[in-house]
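The lines below spell out each chain.
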Amino acid sequence: MLLKKWSDILTIVNGKNQKDVVSPDGQYPIYGSGGVIGYATSYLCEAGTTIIGRKGTINNPIFVDKKFWNVDTAFGISPGKELIPKFLYYFCCSFNFTELDKSTTIPSLAKRDLLQIKMPVPSIEEQERIVSKIEELFSRLDASVAELQTAKEKLKIYRQTVLYKAFQNLTDTITMDEVADMIDPQPSHRTPPEVSNGVPYVGVGDIDYSARKINFAEARKVSSSVLKEHQERYTIHKGDFIMGKIGTIGKPFMVPLPQNYTLSANVILIQPNYTKILPEFLYWQFSAPLVTQQLTVGAAATSQPAFGIKKARLLSIRICDIEQQRQITNEIEKSLSVCDSIEQTIDISLHQAEALRQSILKRAFEGEL
């Protein structure tokens, strides 16, 4: 197919600050690179324009089928007479705009570089055929992805069912302060000053729950003196876990050893008493409806949900003898390991679906579709 430069076949509309046109009664959507952020009384781009981020998110094209205003962090890529709008949009989806990024901090694109892009320009009829074929294949792919996402949602329900049934027949209860120490890692609740190349100061936001790991590299860094002060107040043992107490409530997470990091004020450290309760048995209760419902009801609705350590010490826990705890824990982990395996297979399939989407686009603009 014949290649032509963008400068010869399309128009790039620079975005503008929306302060003079923004209005709750505006009829035109205001787009940034991430989507609609408000409404305007005027517009800059015609319907059928593709949005490309100028700064920040630069590799996420958005097709807009109505007139709109684009802000100064987003370009409007408007097709000329030689292009149909969706053909241009799908080309943008296939193009890696990060190759044009010359910044060292925030990703950004320059209009002069965009205008140098070359793309195939077949006849209008051929463009329509290609777009039709892309959308036919994408429709099938989307249906498969939707089935996979539905399966993932069913797995979430299954997990909760497993955890609910594991504890529902236990009748003896006890409060948390009778089976575990509840520690406030940062009792002053004042966040220590940030330092470069310091010790990680870990909160709920630094945890990747799906990967079951802490993002130590991205966590706030504090001085080694803060670590020393924390180590003087608590020692982390195998089986200890944390729960969120501000914003994100609950969501238990087993903390790793060695203790070469600190814990933030937005978590509670839970240290089970091994003579009374198995750490894993207690941990799974914090993921089960019997405890999560208590956390939801008890969370104080101020500026953001919160669950203080005093409330946490009074949480009601189901209890049984150690041997039965071990049996229940083994059954839970056996069932959930199967669930994890299925979910991993689904995630691989979803990743393959996205790769197939890019393969379809690549073939389309190489004349192979």
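See the structure printed just above.
What you are looking at is a predicted structure, and each value in this text was computed from that prediction instead of being measured. Think of each chain on its own: its residues are numbered from 1, step by step along the sequence as written. A pLDDT threshold of at least 70 governs which residues receive local features in this predicted model, and a stricter bar of 80 or more applies before side-chain atom pairs are shown or counted, although totals over entire chains, interfaces and linings include all residues. Calculation of side-chain values draws on the structure's entire complement of heavy atoms; hydrogens and water are dropped beforehand.

## Brief notes about the overall build of the protein
Comment: elements are numbered from the N terminus, with helices defined as DSSP H or I runs of at least four residues and strands as E runs of at least two. For the protein, the count of helices and strands is nine helices and 22 strands. Within these notes, the globule rule equals 2.2 Å times the number of residues to the 0.38 power, and the radius of gyration is based on C-alpha atoms. Over its C-alpha atoms the protein spans a radius of gyration of 27 Å, topping by over 25% the 21 Å that the globule rule assigns to 369 residues. If you line up the protein on its principal axes, its C-alpha atoms span 75 × 45 × 40 Å. Considering only residue pairs separated by 6 or more positions, the protein has 73% of its internal contacts joining residues 24 or more positions apart. Of the roughly 19,600 Å² that the protein leaves accessible, carbon and sulfur atoms contribute 50%. What makes two residues a contact is simply this: any of their non-hydrogen atoms within 4.5 Å. Here the open area of atoms and residues is found with the Shrake-Rupley method and a 1.4 Å probe, where only the protein chains shown may cover a residue.

## Points about the side chain of Ser 23
Locating Ser 23 in the fold gives a position in the loop between strand E2 (10–13) and strand E3 (28–32). Residues within four places of Ser 23 in sequence aside, it is in contact with Tyr 39, Ala 40 and Thr 41.

## Details of the sheet that holds E2
Strands pair, by our definition, only if DSSP identifies at least two bridges between them. The sheet built from four strands is open, its strands ordered E2-E8-E5-E6 with antiparallel pairing. For this open sheet the edge positions go to E2 and strand E6 (62–64), each flanked by a neighbour on one side alone. In this sheet, adjacent strand axes meet at a mean angle of 30 degrees when their direction is disregarded. With four bridges connecting them, strand E5 (residues 49–53) and strand E8 (residues 74–79) associate as antiparallel partners. Paired with Ile 52 across the bridge in E8 is Phe 75. Only the stretch in contact is used when fitting a helix axis, every axis being a line fitted to C-alpha atoms; angles between N-to-C directions are given from 0 to 180 degrees.

## Some details on the pairing of E8
Of all six residues in E8, six are buried, a share of seventy percent or more. For every residue, the accessible area (1.4 Å probe, protein chains only) is compared with the maximum for its type, and the residue is labelled buried under 20%, exposed over 50%, or partly exposed between those bounds. Burial of the side chains of E8 extends over both faces: Ala 74, Gly 76 and Ser 78 are buried on one face and Phe 75, Ile 77 and Pro 79 on the other. Pairing between E2 and E8: four bridges, direction antiparallel. In the strand pairing of E8, Val 13 is matched with Gly 76.

## Quick notes on the nonpolar core
By nonpolar core we mean a set of buried residues, namely Ala, Val, Leu, Ile, Met, Phe, Trp, Tyr and Cys, connected to one another through side-chain atoms within 4.5 Å. Counting residues in each nonpolar core, the largest one holds 35 residues, and the members touching the most others are Phe 167, Met 176, Ile 270, Leu 282 and Phe 286. If you list the elements that add at least two residues to this core, you get helix H4 (124–167), strand E11 (180–183), strand E16 (241–244), strand E19 (267–272), helix H6 (279–285), helix H7 (289–298), helix H8 (309–313) and helix H9 (322–364). Counting 34 residues, the second largest nonpolar core, distinct from the first, contains Ile 12, Ile 77, Leu 88 and Tyr 90.

## What to know about H9
Here the expected length of a helix is defined as 1.5 Å per residue gap, with one fewer gap than residues. Spanning 43 residues, H9 covers 62 Å between terminal C-alpha atoms, matching the ideal 63 Å at 1.5 Å per step. Here a polar contact is taken to be a pair of N or O atoms separated by no more than 3.5 Å, where protein atoms must pair a possible hydrogen donor with a possible acceptor and residues adjacent in sequence count only if both atoms sit in side chains. Sitting at the head of H9, Asp 321 places a side-chain oxygen 3.1 Å from the backbone nitrogen of Glu 323.

## Regarding H7
Spacing of three or four residues puts side chains on the same side of an α-helix, whose turn is 3.6 residues. Listed in full, the buried residues belonging to H7 are Pro 289, Val 291 and Leu 295. One side of H7 holds all its buried residues, which, seen down the axis, span an arc of 165 degrees. In H7, the exposed positions angled more than 90 degrees off the buried face are occupied by Gln 293 and Val 297. On the buried face of H7, the contacting elements are H4, E16, strand E17 (250–254), H6 and strand E22 (316–318). The arc in question is traced by the directions running from the helix axis to the C-beta atoms.

## Things to note about the layout of surface pockets
One number sums up the size of the largest pocket: a volume of about 990 Å³. Forming the boundary of the largest pocket are 27 residues, of which Arg 159, Tyr 209, Arg 212, Tyr 283 and Trp 284 lie nearest the centre. Contributing elements (two or more residues each) for the lining of the largest pocket: H4, E17, H6 and H9. Each residue is assigned to one of three groups, with Ala, Val, Leu, Ile, Met, Phe, Trp, Tyr, Cys and Pro labelled nonpolar, Asp, Glu, Lys and Arg labelled charged, and all others, Gly among them, labelled polar. In terms of residue class, the lining of the largest pocket is built from 10 nonpolar, seven polar and 10 charged. The method works on a 1 Å grid over the protein atoms by themselves. A cavity is a set of points holding a 1.4 Å probe that cannot get out, a pocket is an open set with protein on both sides within 12 Å along at least five of seven lines, and residues with an atom within 4 Å of a point line them. Grid points are joined across faces, edges and corners, and a volume is the space filled by probe spheres set on the points.

## Describing the environment of Gly 56
Relative to the assigned elements, Gly 56 resides in the loop between E5 and E6. Classification of Gly 56 by relative accessible area gives partly exposed; the value is 30%. As a C-alpha pair, Gly 56 and Tyr 283 span 227 residues in sequence and 39 Å in three-dimensional space. When near neighbours in sequence (up to four residues on either side) are disregarded, Gly 56 contacts Ile 106 and Pro 107.

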